Amino acid sequence: MLKVANLSVAYGQHRALDKVAVEIAQGEIVTILGANGAGKSSLLKAIAGVVKTLPGKQVSLGTHDLSSLPAHEIVERGLALVPEGRGIFGDLTVKENLLLGANPKRARDGEDIRREKVLTLFPRLRERSAQIARTMSGGEQQMLAIGRALMSNPDILLLDEPSLGLSPIMVHELFATLRRVREAGVGLLLVEQNAQESLAIADRGYVLENGSIVDHDSAENLKTKPAILRAYLGGEPAQT
Amino acid sequence: MTNAILAGLMLGGMYALTAMGLTLQYGVARIMNLSYGEFLIAAAFASYWLFTGWALSPFLGLAFVVPLAFVASFIVYRVLLTPLVNRARNRDALEVDSILATFGLTFIIQGAMLSMFGGAYHSYSFLAFPVELLGTTIAANRLAALAVAVLLGAMLYLALTKTRIGTAIRAVAVDPSAAQLVAIDVPRISALTFALGGALVAAAGVLVSTFLTFNASSGVVFTMKALIIVVMGGVGNILGCLIAGLALGLSESLVATLVDPGLTLAVNFALFLAVLLIKPAGLFGRAAR
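Residues numbered from 1 in each chain as written. Chains lettered and ligands numbered in written order. Predicted model: local features only at pLDDT ≥ 70, side-chain atom pairs only at ≥ 80, totals over all residues. Heavy atoms only, no water.

Engineer: Run through the side chain of A:Arg114, naming residues and quoting values.
Structural biologist: All names here are of chain A. Summarising the element assignment, Arg114 is placed in helix α4 (residues 111-121). Buried charge without a salt bridge: Arg114, with Glu111 as the nearest opposite-charge side chain at an N-O distance of 6.9 Å. Polar side-chain contacts of Arg114 include one of 2.9 Å to the backbone oxygen of Ala107. When neighbours within four sequence positions are excluded, Arg114 is seen to be in contact with Ala107, Asp109, Leu150, Met151 and Asn153. (Helix = DSSP H or I, 4+ residues; strand = E, 2+ residues; numbered from the N terminus. Buried < 20%, exposed > 50% of the residue type's maximum accessible area, 1.4 Å probe, protein only. Lys, Arg positive; Asp, Glu negative; His and termini not counted. Salt bridge = Lys/Arg side-chain N within 4 Å of Asp/Glu carboxyl O. Polar contact = N/O pair within 3.5 Å; in protein donor to acceptor, adjacent residues only side chain to side chain. Contact = heavy atoms within 4.5 Å.)

Engineer: Hey, could you go over the packing of helix α5 (residues 140-162) of chain B against helix α6 (residues 164-174) of chain B for me, with residue numbers and the actual values?
Structural biologist: Each pair of packed helices can be described by the angle between their axes along with the distance between the axes. All names here are of chain B. It is at 5 Å that the axes of α5 and α6 come closest, and there the two elements cross at 85°. The pairing of α5 with α6 is recorded here as roughly perpendicular in orientation. Mapping the contact onto sequence places Ala159, Leu160, Thr161 and Lys162 in α5 and Arg164, Gly166, Thr167, Ile169 and Arg170 in α6. For the contact of α5 with α6, the residue count by class is three nonpolar, three polar and three charged. (Axes fitted to C-alpha atoms, helices over the stretch in contact; angles between N-to-C directions. Parallel < 35°, antiparallel > 145°, perpendicular 65-115°, else oblique. Nonpolar A, V, L, I, M, F, W, Y, C, P; charged D, E, K, R; others polar.)

Engineer: Now, about the pattern of salt bridges: what can you tell me, with residues and values included?
Structural biologist: Residue and element names in this part refer to chain A. Applying the stated criterion across every chain, the model contains 20 salt bridges over all chains. Arg77 is the salt-bridge partner of Glu73, the closest N and O atoms lying 3.5 Å from each other. What makes Glu73 partly exposed here is its relative accessible area of 29%. Assessed through its relative accessible area of 24%, Arg77 is described here as partly exposed. Where Arg182 meets Asp203, a salt bridge forms, and the shortest distance between an N and an O atom there is 3.1 Å. Of this pair, Arg182 sits in helix α7 (residues 168-183) while Asp203 sits in the loop between α8 (195-201) and β9 (204-209), and the two are 21 residues apart along the sequence. Under the relative-accessibility criterion, Arg182 is labelled buried at 17%.

Here it is, written out as structure tokens:
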């Protein structure tokens, strides 16, 4: 269980996140809805330790306290981030990227088994093993980014706009894969522009507006709320 | 002609070796180390001192000088450069800051060497006999130095491409912010890589000292040569370093034999300019995104 509380981020005078609290259990998909600039990416980066936070944040994963750890230590505790823009090593090969994914000590045991699982999940990566990562298509790079994160043996996976720049077919395929990742017992925190697809696979969702959580409910309920329909699903509430 | 090509390859091999450490320091740790040549000369003096004072063969001297240089470079990074790293807003800012800091370091090391050894040129005689190779004669010490250089280069290349820590070092060079997401301790890897670069330049210094004369202020020549080779080959690229080093050595040697020895420096910079005009990111480099 990942528990985040009292998390605030400021860029200069601008308060990007204000005392945010979220929770994700293993084997659960939680999505964060929010407009551009609502602070969704900042939230994921702050949890992963990549951006500085204001004092007072509480982040814990199971029995580990992550509140004051640097990013590279947080990965060791079982929390992996797939950043927006993927963050793969473009000049290295697919194989090398996956090797680096298993760099955390917690990922060394059973590395070969895990690699086999990742390559089964993303068969394309097996074909492209020796290819330089940046020469692959956007969809393949996204697969590599997720595959690399899974190589670190995470309990919780944070995904920042994984569908960005992908064709509709690829998006569909990607979300089907995320479902299978959940079935393996990983908890997923998903930030998405594509609210339709993300609510379809999510168990729960948070709504982030101007740096604060304004709503939190099951995905089922969120889908039918008029405000959500209007703002994120591009529709009017059904007439009753 | 064979003679010129052979001499050029030997020279180029040494150039490549002297530049390898800098390509690590600059490519991975993002430190533009202007005192690089001074580290090389300091190692050369250390080898001189071990050889003349303790009758220790330079090849055995490597076993002392190289680890010492590793530790010294690590300390320099941690004490002198880490504050700059923490302060720099981005990697470009760090580059500028590191140029200034290491420029200062140049004078400190030079001053120390001047006070210890004076300004006179030093050399010692080690394996100074001719060897017959492909119909020409070559000094044995140059050949031995080249052999060690090739060995070191091959080891470094294998370590960087075949091991997990080597791959991690390259990952830091490619994208330090993504590197932390795969549990790479970027400050630690940067410090270790800078130290590794220091160890390599010390090895180069010891090898060079077996066949070149040097004095306390010879360092700048090596810094310049190494810098040209690193930029020509593509920053952080070991293979590029080798090719650029060989190209430089060959062109110098050929021009010196066929045209005029006075033109070697000119051909150096002509080649450098040509590469920069055609491929600004270096032979194996890639333009910044």
